[in-house]
Amino acid sequence: MGGRSLKRPAGIGFRAKFILVVGGAVLFDLLVSGGLALWNVQRLSRDATLEVGQGLEAASQEYIRTYADSTASQVSLLLRQVHSDVSTLAGVLQAQIDDPARNSDVGAAISRTSPGSVSLSYDPQGKWSQNAPGSVSVVSVWGYLLGQDRQPRQDVESDIRTSAVLDLVAPSLLQHGASKLQMYYIGSKERPIFRTAPYTDQAQTFDRLYPGHNEANFWDFFFPGLYESWQGWAKDMKTRPVADDITQTAPYTDAITGKLIVSFFHPLWTADRQDVAGTAGADITLDQLAQTVENVKVAQSGFGFLAMSDGNVVAINSTGEKTLGLRSASGASGTGVTGLERSLKGSSQPAIAKLALDREQGIQHLLLQQDGSEVPYIAIVKKLPATNLWVSGPVRQEAMLLGVVVPEREIDASLYAAQAKISEATNRIVLYQILAILMSLLIVTIAVFAASKRITSGISALAGAAKRIQMKDYSVRVAISSKDEVGEAGEAFNRMAEEISYHTENLEQLVEERTAQIEDAKEEISTLNAQLQRENRRLGTELAVAERIQLMVLPLHQELEDFQALEIAAYMRPAEEVGGDYYDVLKNGNRLKIGIGDVTGHGLESGVLMLMVQSVARALQEAGNTDAVEFLTNLNSALFKNIVRTKIDKHLTLAFLDYDGKEMILSGQHEEVIVVRANGEVERIDTMDLGIPIGLEADISAFIKTREIAFEKGDLILLHTDGVTEAENDAGELFGMDRLCCEAVRLRNLSAEKVVSEIVATLMLFIGSQKIYDDITLLAVRHR
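Residues numbered from 1 in each chain as written. Predicted model: local features only at pLDDT ≥ 70, side-chain atom pairs only at ≥ 80, totals over all residues. Heavy atoms only, no water.

**Student:** Help me understand the overall build of the chain, please; the structure alone is not making it clear to me.
**Tutor:** Per the secondary structure count, the chain includes 18 helices and 28 strands. Sequence separation of at least 24 residues holds for 66% of the intrachain contacts in the chain that already meet a minimum separation of 6. Here the chain displays about 40,500 Å² of accessible surface, and carbon together with sulfur accounts for 54% of that area. (Helix = DSSP H or I, 4+ residues; strand = E, 2+ residues; numbered from the N terminus. Contact = heavy atoms within 4.5 Å. Areas by Shrake-Rupley, 256 points an atom, 1.4 Å probe, with all protein chains shown as cover.)

**Student:** Which parts of the structure should I look at to understand the nonpolar core?
**Tutor:** Most often, soluble globular proteins keep nonpolar side chains buried together rather than apart. Formed by 73 residues in total, the largest nonpolar core has its most connected members in Phe218, Phe223 and Leu306. Per-element tally for this core: the top contributor is helix α1 (residues 14-98), with ten residues. Among the nonpolar cores identified, the runner-up in size contains 26 residues, and Ile594, Ile596, Ala655 and Leu690 belong to it. (Core = buried A, V, L, I, M, F, W, Y, C linked by side-chain atoms within 4.5 Å. Buried < 20%, exposed > 50% of the residue type's maximum accessible area, 1.4 Å probe, protein only.)

**Student:** Just to check I follow, could you spell out the pattern of salt bridges for this structure?
**Tutor:** When their charged atoms lie close together, side chains carrying opposite charge are able to pair. Applying the stated criterion across every chain yields a total of 21 salt bridges. We note a salt bridge from aspartate 159 to arginine 191, for which the minimum N-O separation is 3.0 Å. Here the residue aspartate 159 occupies a position in helix α3 (residues 154-163), and arginine 191 occupies one in the loop between β4 (182-187) and β5 (194-197), the gap between them amounting to 32 residues. A relative accessible area of 9% means that aspartate 159 is categorised as buried. By relative accessible area, arginine 191 is classed as partly exposed at 23%. Between arginine 684 and glutamate 672 there is a salt bridge, and its shortest N-O distance comes to 3.1 Å. With arginine 684 in strand β25 (residues 682-685) and glutamate 672 in the loop between β23 (664-667) and β24 (673-676), this pair connects stretches of sequence that are twelve residues apart. (Salt bridge = Lys/Arg side-chain N within 4 Å of Asp/Glu carboxyl O.)

**Student:** Explain the packing of aromatic side chains here, please?
**Tutor:** When we look at a pair of aromatic rings, we describe it by the centre distance and by the angle of the planes. All told, the structure shown has 24 aromatic pairs when counted by the stated rule. Note on tyrosine 210 and phenylalanine 222: the rings are 5.1 Å apart at their centroids and 85 degrees apart in plane angle, and the pair reads as edge-to-face. In this pair, tyrosine 210 is assigned in the loop between α5 (202-209) and α6 (218-222) and phenylalanine 222 in helix α6, connecting sequence segments twelve residues apart. Grouping residues by exposure puts tyrosine 210 and phenylalanine 222 together as buried. Look at tryptophan 219 and phenylalanine 265: their rings are 6.5 Å apart centre to centre, the planes differ by 65 degrees, and that puts the pair in the edge-to-face class. You can see tryptophan 219 sitting in helix α6 and its partner phenylalanine 265 sitting in strand β8 (residues 260-269), a full 46 residues away along the chain. (Phe/Tyr/Trp six-rings, centres within 6.5 Å; stacked < 30°, edge-to-face > 60°.)

**Student:** Can you help me understand the environment of isoleucine 64 in this one?
**Tutor:** Structurally, isoleucine 64 is set in helix α1. With a relative accessible area of 0%, isoleucine 64 lands in the buried category. Isoleucine 64 sits 238 residues away from glycine 302 along the chain, and the two C-alpha atoms are 9.7 Å apart. Beyond its immediate stretch of four places on either side in the chain, isoleucine 64 contacts Val298, Ile363, Ile378, Ile380, Val404, Val406 and Ile411.

**Student:** Honestly, helix α2 (residues 100-113) in this entry has me stumped. Any pointers?
**Tutor:** Spacing of three or four residues puts side chains on the same side of an α-helix, whose turn is 3.6 residues. In this model, α2 (14 residues) spans 20 Å end to end at C-alpha, consistent with the 20 Å of a helix rising 1.5 Å per residue. Along α2, the residues that are buried comprise Asn103, Gly107, Ile110 and Ser111. Projected down its long axis, α2 carries its buried residues within an arc of 105 degrees, all on one side. Exposed positions of α2 whose direction lies more than 90 degrees from the buried face are Asp105, Arg112 and Thr113. (Expected span 1.5 Å × (residues − 1). Arc of directions from axis to C-beta.)

**Student:** Got a minute to help me understand α3 in this structure?
**Tutor:** Listed in full, the buried residues belonging to α3 are Val156, Asp159, Ile160, Thr162 and Ser163. Around the axis of α3, the buried residues are gathered within 165 degrees of arc, so they sit on the same side.

**Student:** When you look at the sheet that holds strand β21 (residues 591-599) in this model, what are you seeing that I'm missing?
**Tutor:** Two orientations exist for strands paired in a sheet by backbone hydrogen bonds: parallel and antiparallel. Taken together, five strands build an open sheet; the order of strands is β20-β21-β22-β23-β26 and the sheet is antiparallel. Looking at the sheet topology across the chains shown, the edges are occupied by β20 (581-588) and β26 (706-709). The mean angle between the axes of side-by-side strands here comes to 20 degrees, regardless of whether they run parallel or antiparallel. Pairing geometry for β20 and β21, over eight bridges, is antiparallel. Across the sheet, aspartate 584 pairs through a bridge with glycine 595, a residue of β21. Contacts from helix α14 (residues 604-622) reach β20, β21 and β22 (652-659), with the element oriented near 15 degrees to β20. Along the sheet, helix α15 (residues 628-646) contacts β21, β22, β23 and β26; its crossing angle with β22, the most-contacted strand, is approximately 145 degrees. (Pairing = 2+ DSSP bridges. Axes fitted to C-alpha atoms, helices over the stretch in contact; angles between N-to-C directions.)

**Student:** Can you help me understand the pairing of β5 in this one?
**Tutor:** On a regular strand, each side chain points to the face opposite its neighbour's, so the side chains alternate between the two faces of the sheet. A two-sided burial pattern is seen for β5, the buried positions comprising Phe194 and Thr196 on one face and Arg195 and Ala197 on the other. As paired elements, strand β3 (residues 138-141) and β5 share three bridges and run antiparallel to each other. Within β5, the position partnered with valine 138 by the bridge is threonine 196. Across four bridges, β4 lies against β5 in antiparallel orientation. Within the sheet, the bridge partner assigned to tyrosine 184 lies in β5 and is threonine 196. Taking the residues between adjacent antiparallel strands as the criterion, β4 and β5 are bridged by six residues.

**Student:** Help me out: how do you make sense of the sheet that holds strand β18 (residues 401-407) in this one?
**Tutor:** Across the sheet, five strands lie side by side as β11-β10-β18-β15-β14; this open sheet has antiparallel pairing. Looking at the sheet topology across the chains shown, the edges are occupied by β11 (313-316) and β14 (363-370). With direction set aside, neighbouring strand axes in the sheet form an average angle of 30 degrees. The pairing of strand β15 (residues 373-383) with β18 spans seven bridges and is antiparallel. Looking at β18, one finds that tyrosine 377 is bridged to proline 407.

Structure below.
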């Protein structure tokens, strides 16, 4: 029987398999990844367009908000500057009213040096009197204020001299600060003389523009209801619409210049604060406000406007006026001045007429009619800080409005441009991606065929070596026959085998070394923690000692009760462990010295300076130094030297009450001293003119003055630091002097101890959960 040989069927070689599998996989991967890349590019293009659009829209709106906030701040700053200048002038005039002696001296001095300021001539045609040109200011006295001899009445003559101080103050205020058209003084309703700087033909202009004004009371003719509003404030300051004395008018036409102006008044009060004594004032042209607003330029044609709360636009450029469809009209208001009427509510644009003005709405989208079509606009309206406003009648609250209006197409122009750029870039990327995929397919095909043999041989060698590694033969190495990627893989494999061999042989030693390093680090951390705890305990002990020393030197309770004629009670609470407030009660024989002070800041340095003050004051008292001026001078000299030596960058306000059983003498500069009389009358004594802060100069004797305070049975004196009046509640409101005075009057019939405890309880209730930022000190001295 013959045999037959059998052949094994020829199989597909590894190279062919490599080419089919690897080449096919790479080609498939390129096609899939290329397709996904193209899809992702399209999706990213859409997402980018959306994100860029939203981002640009948000950024544009934020820009408009920021621009509106910035412009509102500029307008508010201009108004605050005018308020400050008017308040300064009012302060000077009020000081004249409050101090008749000084008023007389200043008036006499000005009469001698500038007689033209107080010397008037009668005008028979106008029937008024006025000083001659050449003076710093013009003063007009109306016919009903003249006597039979055509000279100003005696009481009017006094006002003429009082107001002459305007010549000293107004020129500087007109040259500096906010630009002002003029500043002036108007007398009380009984004596409404009118003094204005700089000099103008004032009365002559009034005769020409306002016939009959010289026969009617000035206030009723020009500003009806304004004076009566102020009189209501004098009776109860809480009736002010806004907690500020400054009152402004709505824009009106100035009689002298013909410009649109806004007047700012600060009422002056009688010395007893029960009635109105006139006003200080200033005029600014609407051009100053309008310039800030009209310079608003957002995008190409965006604009701003300034309006009253009732919608009357007081500043806008011509483009904005036309866009908003405003109708301008000026007419007499019936008060002797000419007002401006240009209201948003009367706009020919329905969207503007319905614009919400009672509250801030954020970004508003409007459709405005232009050339027969509706054009979308973006608008934002900001409220300025509230002020007191007089239009006609009683004073009311007013919050002016600043608006910014921009066409949406200008805001969106950058968005459209960005979207077009993104689309163009997307198309370019897609084209490049397709070309790259085709080129990759060609290169991969050529590379797979060209390198398959070398790659497969190298891979086989690596596979064999890997099996030996798996069998824990770490001495195996791969022969490097090429310098391509396969050769690099072989080198990497050899390095890996060496590292495995090294780490296997030295693993235990490496673990021990790393464990020792960790133990050393733990020991070092433990040492540092112990040092930190000791340092914290040391600092805590030092602060506790300083706090204890500070409390030890305060007057004892029995010391405060050791005065037969007086009841004395005190309270002090530092804002930190060591405070910077000072108070002391020193007795030497029949003389009693009560001190209160406030070192700048608080903390350890402030506490140390407070202890210096207590020690020096005690030493001077024991040495029998009874002169109040000499006492403060010597105390300052000693402290100044210590401050220089210790390099403590601190100083303090300090005041003393000296009492010998008959007279109560006040000296030194500190907070206002409150005196509540037995009948409930309150006196607030300003100490600014009685000294300067201690520790600023080596010799302060030239600055120290004294003031005698009447102190009878049933009277109560309150001393305090600014930690009481400047304490804030959760709403950011200050406790304030008025609230402190009201509490003192309410508690005046109680003992000094009860007065202090009740006021402190009210203060803490007012503060609530708000943090206490400053030291609080309060003393009550009551005459038994």
